[in-house]
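Breakdown of the fold
As a plain string of letters, each chain reads:
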Amino acid sequence: MVKEVKSGDRVFYTCEVCNLAYEERVWAERCEEFCSAYNACSLEITSHAIRKPED
Ligand SMILES: [Zn+2]
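Residues numbered from 1 in each chain as written. Predicted model: local features only at pLDDT ≥ 70, side-chain atom pairs only at ≥ 80, totals over all residues. Heavy atoms only, no water.

To summarise the sheet geometry, strands pair through backbone hydrogen bonds and adopt either a parallel or an antiparallel arrangement. Overall, antiparallel pairing links the three strands, which are arranged β1-β2-β3 in an open sheet. Bordering the open sheet on either side are β1 (3-7) and β3 (21-22), each of which pairs with just one other strand. Bridge count for strand β2 (residues 10-14) against β3 is two bridges, and the pairing is antiparallel. What sits directly across from Y13, in β3, is Y22. (Pairing = 2+ DSSP bridges. Helix = DSSP H or I, 4+ residues; strand = E, 2+ residues; numbered from the N terminus.)

So this is what it looks like as structure tokens:
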């Protein structure tokens, strides 16, 4: 399950497999699907990742 992370008035979505954060849920979902299926990250998908404001 993609995890929703709230930070102030912003919301991020994190892939629970690789822990990368995305501004758009659809990318987090794609990331998690890919990570679960291949046990690796897709560069095309992770290029959409953002840095988490706090960790
Ligand atoms: Zn992932």
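Once you've had a look at it, read on.
Moving on, we come to the environment of Y38. Considering the arrangement of structural elements, one finds Y38 in helix α1 (residues 25-38). Taking the C-alpha atoms as reference points, Y38 and A28, separated by ten residues in sequence, lie 15 Å from one another.

With that settled, the discussion passes to α1. Helix length check: α1, at 14 residues, gives a terminal C-alpha distance of 20 Å against a target of 20 Å (1.5 Å per residue), a fit within 8%. Those residues of α1 hidden inside the fold are in contact with β2, β3 and α2 (43-46). Looking at the residues trailing α1, positive phi occurs at N39, about 55°. (Expected span 1.5 Å × (residues − 1). Contact = heavy atoms within 4.5 Å.)

What follows concerns the packing of aromatic side chains. Inspection of every chain in the model, using the stated rule, returns one aromatic pair. Above the face of the W27 ring, R30 is positioned so that its terminal group lies 4.6 Å from the ring centre. (Phe/Tyr/Trp six-rings, centres within 6.5 Å; stacked < 30°, edge-to-face > 60°. Lys NZ or Arg CZ within 6 Å of the ring centre and 35° of its normal.)

One ladder, built from five bridges, connects β1 with β2; its direction is antiparallel. Bridge assignment links V5 to a residue of β2, and that residue is F12. The turn joining β1 and β2, which pair antiparallel and follow one another in sequence, is formed by two residues; a positive phi near 60° is taken by G8. Remark: six residues form the turn of the hairpin made by β2 and β3, two consecutive strands paired antiparallel; N19 in that turn has positive phi of roughly 70°.

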